[in-house]
Amino acid sequence: MEPFYFKSYNRVAGVAHNVDELREEMKRLFKDDPACVEYHLKEGHIVAWLEYIGEKGLAEMLKGVTDVKEALVRIDEYKTMNRPQGKKRKVFRYY
């Protein structure tokens, strides 16, 4: 699958291959080039990419979001909701 390229004018400002990398790049770029992240949110590029990689739930949560801080909060909520549960270990008791 194609990664997401954060582009700022004619340069690539960041690259993400999955949701974790997307979040980290958004955080980093929010400090370095906030207009870049805001542009991709407003234009729906991030939502379209999330749908492309099969993250339809997160894409739905980010539809219409243009504020970077709000997007980061929603990504964290999504990750919390979809955190894999650890395997339950069987307990053996010997008496």
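Quick notes on the rules
Residues numbered from 1 in each chain as written. Predicted model: local features only at pLDDT ≥ 70, side-chain atom pairs only at ≥ 80, totals over all residues. Heavy atoms only, no water. Axes fitted to C-alpha atoms, helices over the stretch in contact; angles between N-to-C directions. Helix = DSSP H or I, 4+ residues; strand = E, 2+ residues; numbered from the N terminus. Parallel < 35°, antiparallel > 145°, perpendicular 65-115°, else oblique. Left-handed = near helix turned anticlockwise from the far one by under 90°. Contact = heavy atoms within 4.5 Å. Nonpolar A, V, L, I, M, F, W, Y, C, P; charged D, E, K, R; others polar. Phe/Tyr/Trp six-rings, centres within 6.5 Å; stacked < 30°, edge-to-face > 60°. Buried < 20%, exposed > 50% of the residue type's maximum accessible area, 1.4 Å probe, protein only.

**Some words on the packing of helix α1 (residues 19-32) against helix α5 (residues 68-81)**
Right, on to step 1. In contact at an axis separation of 11 Å, α1 and α5 are set at 155° when each is read in the N-to-C sense. One element, α1, and the other, α5, form an angle in the roughly antiparallel class. Between α1 and α5 the crossing geometry is left-handed. Contacts between α1 and α5 involve V19, D20, L22, R23, M26, K27 and F30 from the former and V68, K69, A71, L72, I75, D76 and K79 from the latter.
Right, on to step 2. Partitioning the contact of α1 with α5 into residue classes produces 8 nonpolar, no polar and 6 charged.

**Topic: the packing of α1 against helix α3 (residues 45-52)**
Right, on to step 1. It is at 12 Å that the axes of α1 and α3 come closest, and there the two elements cross at 165°. Relative to α3, the element α1 is oriented roughly antiparallel. As for the relative orientation of α1 and α3, their crossing is right-handed in sense. Of the residues in α3, those touching α1 at V19, L22 and M26 are I46, W49 and L50.
Right, on to step 2. Residue classes in the contact of α1 with α3 are distributed as 6 nonpolar, no polar and no charged.

**Topic: the packing of aromatic side chains**
For any pair of aromatic rings, the description consists of the separation of the ring centres together with the inter-plane angle of the planes.
Right, on to step 1. On inspection of all chains with the given rule, the structure shows 2 aromatic pairs.
Right, on to step 2. Look at F4 and F6: their rings are 4.8 Å apart centre to centre, the planes differ by 75°, and that puts the pair in the edge-to-face class.
Right, on to step 3. For F4, a relative accessible area of 6% gives the class buried.
Right, on to step 4. Taken together, the ring pairs connect F4, F6 and W49 into an aromatic cluster.

In short, shape yes, function no, at least from these values alone.
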